[in-house]
Amino acid sequence: MKKILVLVVFTFISMSTMAQDNYRDVVYLKNGSVLRGVITEQHPNVSIKLETADQSIIVFQMEEIEKIAKEP
C-alpha cells in the first residue's frame, strides 16, 4: 500500500512539473510591443532578463513594462 501511495504522489508531482514547462512568459511593453520567451532573471522593481525562442537575451527596465503574463 505504501508503494502505491508513493507512486501516485510521484506521478502527480511529475505531471505538475511537466505542465509548468509548457508555459512561456509574455512581456507587454508600454510602447505596444509584445515579446514572448522565458524570464531568466528578475530584479524586483528594477529589471527583467528575457530569453526568446531564438536564444536572444533582452533586458528590460521595469519602467518600460506595462505587464507580464504567462501563456501556453
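Note that this is a predicted model, so its numbers are computed, not measured. Counting of residues starts from 1 at the beginning of each chain's written sequence and follows it residue by residue. Local features in this predicted model are restricted to residues whose pLDDT is 70 or higher, and side-chain atom pairs enter the listing and the counts only when it is 80 or higher, whereas totals over whole chains, interfaces and linings include all residues. As a rule here, side-chain values cover all heavy atoms of the structure and leave hydrogens and water aside.

**Student:** I keep staring at the overall build of the protein chain and nothing clicks. Help me out?
**Tutor:** To qualify as a helix, a DSSP run of H or I must reach at least 4 residues; to qualify as a strand, a run of E must reach at least 2; elements of each kind are numbered from the N terminus. From N to C terminus, the protein chain includes one helix and five strands. Starting at the N terminus and ending at the C terminus, the protein chain contains elements arranged as α-β-β-β-β-β. Three labels apply to residues, based on accessible area from a 1.4 Å probe with only protein chains included: buried if under 20% of the type maximum, exposed if over 50%, partly exposed otherwise in between. Within the protein chain, buried positions represent 19% of all 72 residues. Contact definition: two residues touch when any of their heavy atoms are within 4.5 Å. The contacts of the protein chain with a sequence gap of at least 6 include a subset with a gap of at least 24, amounting to 35%. Each accessible area is a Shrake-Rupley estimate made with a 1.4 Å probe; only the visible protein chains count as cover when residues are assessed. As presented, the protein chain carries roughly 5700 Å² of accessible surface, and 60% of it is formed by carbon and sulfur atoms.

**Student:** Can you walk me through the sheet that holds strand β1 (residues 24-29) in this structure?
**Tutor:** Two pairing modes exist for strands in a sheet, parallel and antiparallel, and in both the strands are linked by backbone hydrogen bonds. Here five strands make up an open sheet; going across it, the order is β4-β3-β2-β1-β5 and the pairing antiparallel. Across the chains shown, the open sheet's two edge strands, defined by having one partner strand only, are β4 (57-61) and β5 (65-71). Here the strands of the sheet are splayed against their neighbours by 45° on average, with no regard to which way each runs. Whether two strands pair comes down to DSSP finding at least two bridges between them. With four bridges connecting them, β1 and strand β2 (residues 34-43) associate as antiparallel partners. Bridged to Tyr28 within β2 is Val34. Between the N-to-C directions of two axes lies an angle of 0 to 180 degrees, each axis being a line fitted to C-alpha atoms and, for a helix, fitted only over the stretch in contact.

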